[in-house]
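Residues per chain, in single letters:
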Amino acid sequence: MDSTTTYFLPTSSDVLWVAIIIGFLINIVLGLAVGEAAKKKGRNFGSFFGLSLVLGWALPALVVAALAPLNSDSRGEKVASFADKERFEQSNETQVPKFFG
């Protein structure tokens with residue numbers, strides 16, 4: 001009974017390509033996470049996802065972590081818009097008498 005069994009042993013270039021593909025997939029997944037975090041803070045998803053693909057995910061992740069959410073002040077409260085300010089001034093004009101001018 002003479003049988004020869006051939007086993008496929010990966011060459012070093014095969015292992016290298018698999019490592020490159022796995023690393024690229026991990027970079028894409030982490031880039032998507034950075035983009036989602038930026039989107040939750042009111043920033044552009046595509047910009048931060050693109051930056052994470054170009055620069056790697058760590059630097060844009062640090063930037064997103066350091067950014068405050070859009071439309072908020074340092075205490076985390078909503079900042080009044082210009083229209084809110086006008087409505088406030090109009091409501092005060094009808095309720096509070098002006099003594100000077």
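Every value quoted in this text rests on a predicted model; they were computed, and no experiment measured them. Sequence order as written defines residue numbering, which begins from 1 separately in each chain. Owing to the predicted nature of the model, reporting of local features is limited to residues with pLDDT of at least 70; listing and counting of side-chain atom pairs is limited to 80 or more, with chain, interface and lining totals taken over all residues. Remark: hydrogens and water are excluded; side-chain values derive from all non-hydrogen atoms of the structure.

Visitor: Pulling in residues and values, what's your account of the overall build of the protein chain?
Guide: Only runs of H or I of at least four residues qualify as helices and only runs of E of at least two qualify as strands under DSSP, and these elements are numbered from the N terminus. Helices and strands together make up the secondary structure of the protein chain, namely four helices and zero strands. Reading the secondary structure of the protein chain in the N-to-C direction produces α-α-α-α. In the protein chain, 42% of the contacts between residues at least 6 apart in sequence involve partners at least 24 apart. Accessible areas in this description were obtained via Shrake-Rupley with a 1.4 Å probe; residue shielding takes into account the shown protein chains only. Summed over all atoms, the accessible surface of the protein chain reaches about 8600 Å², with 66% contributed by carbon and sulfur. Residue contacts are defined here by distance: any two heavy atoms, one from each residue, within 4.5 Å place the two residues in contact.

Visitor: For a nonpolar patch on the surface, give the residues involved together with the corresponding values.
Guide: Patch definition: residues with relative accessible area over 30% and no salt bridge; like charges joined within 9 Å; nonpolar side chains (Val, Leu, Ile, Met, Phe, Trp, Tyr) joined within 5 Å. By salt bridge we mean one thing: a side-chain nitrogen of Lys or Arg within 4 Å of a carboxyl oxygen of Asp or Glu. There is a patch of nonpolar side chains on the surface, built from L51, L53, V54, L55, L59 and V63 and spanning about 530 Å² of accessible area. Of all the elements in the fold, those that place two or more residues in the nonpolar patch are helix 2 (45-55) and helix 3 (58-66). Looking at the nonpolar patch, the element that brings in the most residues is helix 2, giving four residues. Tracing the chain through its elements places L51 in helix 2.

Visitor: Quick one: what's the story with the packing of helix 2 against helix 3, residue by residue and with numbers?
Guide: Where helix 2 contacts helix 3, the axes come no closer than 7 Å and their chain directions differ by 145°. From helix 2, F48, L51, S52 and L55 reach across to helix 3, where they touch L59, P60, V63 and V64. Note on residue categories: nonpolar means Ala, Val, Leu, Ile, Met, Phe, Trp, Tyr, Cys or Pro, charged means Asp, Glu, Lys or Arg, and polar means any other residue, Gly included. Residue composition of the contact of helix 2 with helix 3, by class: seven nonpolar, one polar and no charged. Fitted lines through C-alpha atoms serve as axes, helices being fitted only where they are in contact, and the angles separating the N-to-C directions of these axes extend from 0 to 180 degrees.

Visitor: So what's going on with helix 2? Residues and values would help.
Guide: For every residue, the accessible area (1.4 Å probe, protein chains only) is compared with the maximum for its type, and the residue is labelled buried under 20%, exposed over 50%, or partly exposed between those bounds. When we look at burial in helix 2, the residues that qualify are F48, F49 and S52. For helix 2, the angular spread of the buried residues around the axis is 100°, confining them to a single face. Every exposed residue of helix 2 that faces more than 90 degrees away from the buried side is listed here: V54 and L55. Contact partners of the buried residues in helix 2: helix 1 (12-40) and helix 3. The backbone nitrogen of G46 has a side-chain oxygen 3.1 Å away, supplied by the residue at the start of helix 2, namely N44. G56 sits one or two positions beyond helix 2 and adopts a positive phi of about 95°. Directions drawn from the helix axis to the C-beta atoms are what define this arc. Polar contacts, as counted here, are pairs of nitrogen or oxygen atoms within 3.5 Å of one another; within protein the pair requires one atom able to donate a hydrogen and one able to accept it, and residues that are adjacent in sequence qualify only if both atoms are side-chain atoms.

Visitor: Talk me through the packing of helix 1 against helix 2; I want residue IDs and the actual numbers.
Guide: Two numbers describe how helix 1 lies on helix 2: the axes approach to 8 Å, and their chain directions differ by 150°. The orientation of helix 1 relative to helix 2 falls into the category roughly antiparallel. Pair helix 1 / helix 2 crosses with right-handed handedness. Here N27, I28, G31, L32, V34, G35, E36, A38 and K39 of helix 1 come into contact with helix 2, specifically with F45, F48, F49, S52 and L53. Within the contact of helix 1 with helix 2, the residues separate by chemical class into eight nonpolar, four polar and two charged. Small angles under 35 degrees read as roughly parallel and large ones over 145 as roughly antiparallel, with 65 to 115 read as roughly perpendicular and the rest as oblique. Here a crossing is taken to be left-handed if its near helix is turned anticlockwise relative to the far helix by less than a right angle, and right-handed if that turn runs clockwise.

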